[in-house]
Each structure stands twice: as structure tokens, then as C-alpha cells.
Amino acid sequence: MRAQVRCAWCGHSRCNRAEMMFFSNEHSSPKLLQLCLDTLHRIFCFFSSVCFWTLRRLWATEGSHVSPVDRKLEERQIQSTTPASVNYHFTRKCNYKCGFCFHTAKTSFVLPLDEAKRGLKLLKASGMEKINFSGGEPFLHDRGEFLGKLVQFCKLDLQLPSVSIVSNGSMIKENWFQKYGDYLDILAISCDSFDETTNQLIGRTQGRKSHVDNLFKIRNWCQQYKVAFKINSVINTFNVDEDMREQITELNPVRWKVFQCLLIDGENAGEAALREAERFVISDQQFEEFLDRHSSVSCLVPESNEKMRNSYLILDEYMRFLDCREGRKDPSKSILDVGVKEAICFSGFDEKMFLKRGGKYVWSKADMKLEW
Ligand code: SF4
């Protein structure tokens, strides 16, 4: 029977030091060695946990927000993400000069048509169901022919359930609808105000053309050529007090997307930016007040800064995913060089937020049960 040995320091018989005294009394060196190793292991584990916890706290408070460990986990999650809905900003050029524009004309590059088609094919093979063509102004390049050919390719060749466009509407001609309207599911036109003076102040205009008259004309063409009509509005200091209920109800879009003006470093904020959008920014409360005023409009889909930031899969003119997690657009490598699976790891895409903001909806015009 083992004699009870009490620790000389604390007096307890179960203390490690008491155990050591017992074994040293019995000259049992292998057991003593094992005990030392166990103790060292426990000390090491304890200090590792403390260091890990401290580093995570530091990363969280230093503004980087995401630790390398969390970033790795996120990337693994993103890697398994399907690019169901992709926004391809194939051009940065635009004929408007909106003061808050967050995809500015930093380059004039546009991929050759065959390369753009190759990239779209890769996306389809990775699970893309919806493509949205955006810019810049997508109808500007080659007078809308480049865009028309991509729209046709995505619907006819790739058989995508949904093909859509976001445009300022100023460059669209009726013959474009005659040629390509069948292949387009949704056309979204940006309109922030029904007051032309406000549109002038925002920069959403060109010369003396009326942005609002154009909007009504395009709504009629959409009806005539069986394309679902949508409106996008950016709420900012110039339109935040406006009441748009009457005009939106008259235009009757399938969706009215209402965005809170967002700052993106390098695009519309910061030193390297082509815009200074700070004077357009509104508070969360102002945005809520605008939404409250328009709560009776059933097609309204609100998008606060929080919902908007990382919930879009954005491809730039080189077919690189743009990661907005750090408040700027950090590009991945091009999907044309490394494939979708590798590039998407650097997209910063938040799939949960995409679903939370209603990113998946009835997006094929065939399923919308519209009265044309
Ligand atoms: S219409 Fe769109 S792309 Fe053109 S300047 Fe305005 S926000 Fe930017």
C-alpha cells in the first residue's frame, strides 16, 4: 500500500509536488520523468490558449477585424460556395458622373468577346444560375452589341435561368430590344429621383436629356418586348427626403431595390479615388426614415450598407472577384487564369448575407407570371 505523502509547500496529498516527492522517495525515475512531461505539456497547453485568446482579441480591436485563422476558415467556406448569382462589371466606362459611383472608370479595359464567353462558361460549370451585366454603363461599349451578344450567349448557349442587366438607361435603343429582348430576363434601370434638378445635383444625367422621361420610355419597351422591369435607387443626402411612392407605383417594377449610399475606399472615398462621396452619405436612421415613408410600396427591397457590403459576387473587367471586406475592392486572380474555385476564395463573399438580403428570388421571367 502506498504511503500518503503531503506536499511540503501546500500540505495537500494530491498536489503534483507531493506526487513528485513520493516518486523521488521511491527512486522511481521513469515515472518521475513521465510526470514532468505531463506537467510541461499542461503548462504549454495553458500558455498556448492564453496566447491564442490574446491574439484574437488584439486582431479584433486593431481594426483588421478578421484574424488570419478566421480568414482561413472563411476562405475554406467560400471555396465550397457555389457562384449561383454573379455580377460581371465588364466595363468601367460610363457617360454619367454620379458623385457616389462605387465602380468608377479607373481603366477602359474590356475583355475580347471570346474571352468573356470563356469565363462565363467556367462560371456556368461551377454552378452559376444568374448573371447580371453591369458597369460602368454596359450599353456604352460597342453601342450595346457586346452586351447583346453576351446576353444571347448566356441564355441560348449556357441556358442560364436568369440573365439581367443594370444600366442607367440613357444609351438603350428600341432596336436593341428587338434583337436581344427575348434573351433578357430582367432590366434594372438606376433612378434616384423623379426631380430632374436632384438628378443633376447627383450627376445622374447627361446634358439636357431627361433621365425620368427615359425611364418611362424604357418601362414601356420592357412591357412591349417582355422583359421584367426593375428600378435601383441609391439613397443619399440629395434624395433622402423625397417621396417616390406615386411614381414607383405608376411604373410598377417587379422589384425596387433601395440602397443606402456606400463608401468604398479607392472608388468613391480616399486618396486614390475618382469620386468624393462623403457628402452623399446618410445615417442608418435617415435610411430607416426613407424606408418607413415608402413602406406601403410592396416591391421595395431595402439594402443597408451592412447587407450590401459582402453579399455580392463581383467580377471586374478582368474577371477577377472583388473582395470588399476591408472597405475597398481587393481583386483576386482572374478566373481565366486560375479557374473559379481558386479565385472565389478571394471574393470575400458572404453567402449567408446573400440569402438574408433575399439574393435568391424568382429570377426567370418565365416563372414571374407577368402580364405583358
Ligand atoms: S450611372 Fe452607374 S456607373 Fe455610371 S456614374 Fe452613375 S453610378 Fe457610376
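Here, the structure is the one placed above.
Residues numbered from 1 in each chain as written. Predicted model: local features only at pLDDT ≥ 70, side-chain atom pairs only at ≥ 80, totals over all residues. Heavy atoms only, no water.

(A) Representation of the overall build of the chain. Helix and strand counts for the chain stand at 14 helices and 10 strands. Burial statistics for the chain: of 372 residues in total, 49% are counted as buried. Looking at the chain alone, contacts between residues at least 24 apart form 71% of all its contacts between residues at least 6 apart. When the accessible surface of the chain is totalled, it reaches about 19400 Å², and 52% of it is carbon and sulfur. (Helix = DSSP H or I, 4+ residues; strand = E, 2+ residues; numbered from the N terminus. Buried < 20%, exposed > 50% of the residue type's maximum accessible area, 1.4 Å probe, protein only. Contact = heavy atoms within 4.5 Å. Areas by Shrake-Rupley, 256 points an atom, 1.4 Å probe, with all protein chains shown as cover.)

(B) The arrangement of the packing of helix H4 (residues 113-125) against helix H5 (residues 145-157) in detail. Packing of H4 against H5 brings their axes to within 11 Å, and their N-to-C directions diverge by 30°. For the element pair H4 / H5, the angle class is roughly parallel. Our pair here, H4 against H5, has a crossing hand that is right-handed. On H5, the residues that touch Leu113, Ala116, Lys117 and Leu120 of H4 are Phe146, Lys149, Leu150, Phe153 and Cys154. Looking at the contact of H4 with H5 residue by residue, the classes come out as 7 nonpolar, no polar and 2 charged. (Axes fitted to C-alpha atoms, helices over the stretch in contact; angles between N-to-C directions. Parallel < 35°, antiparallel > 145°, perpendicular 65-115°, else oblique. Left-handed = near helix turned anticlockwise from the far one by under 90°. Nonpolar A, V, L, I, M, F, W, Y, C, P; charged D, E, K, R; others polar.)

(C) Inspection of a nonpolar patch on the surface at higher detail. A cluster of nonpolar side chains, contributed by Leu37, Leu40 and Ile43, occupies part of the molecular surface with about 290 Å² of accessible area. Relative to the helices and strands, leucine 40 resides in helix H2 (residues 29-61). (Patch = residues over 30% accessible without salt bridge, like charges linked within 9 Å, V, L, I, M, F, W, Y side chains within 5 Å. Salt bridge = Lys/Arg side-chain N within 4 Å of Asp/Glu carboxyl O.)

(D) Highlighting unusual backbone geometry. Cis rather than trans, the peptide bond between glycine 135 and glycine 136 has omega equal to 15°. Its place among the elements puts glycine 136 in the loop between strand S2 (130-134) and H5. Although it is not a glycine, arginine 143 adopts a positive phi angle of roughly 50°. Turning to its location among the elements, arginine 143 is positioned in the loop between S2 and H5. Relative accessible area serves as the criterion here: at 78%, arginine 143 is assigned to the exposed category. The phi dihedral of methionine 319 falls on the positive side, at around 60°, and the residue is not glycine. Checked against the element boundaries, methionine 319 lands in the loop between strand S8 (313-315) and strand S9 (320-323).

(E) Seen up close, the environment of glutamate 276. Relative to the helices and strands, glutamate 276 is located in the loop between strand S6 (255-260) and helix H10 (284-293). With 177 residues separating them along the chain, glutamate 276 and glycine 99 place their C-alpha atoms 6.9 Å apart.

(F) Highlighting H4. For H4, which comprises 13 residues, the first-to-last C-alpha distance of 19 Å matches the rise-based estimate of 18 Å (1.5 Å per residue) to within 8%. At the C-terminal side of H4, glycine 127 shows a positive phi close to 110°. (Expected span 1.5 Å × (residues − 1).)

(G) View of a negative patch on the surface. A cluster of acidic side chains, namely Asp241, Asp284, Glu288, Glu289, Asp292 and Glu306, defines a negative patch on the protein surface. No other element matches H10, which puts 4 residues into the negative patch. (Lys, Arg positive; Asp, Glu negative; His and termini not counted. Charge placed at Lys NZ, Arg CZ, Asp CG, Glu CD.)

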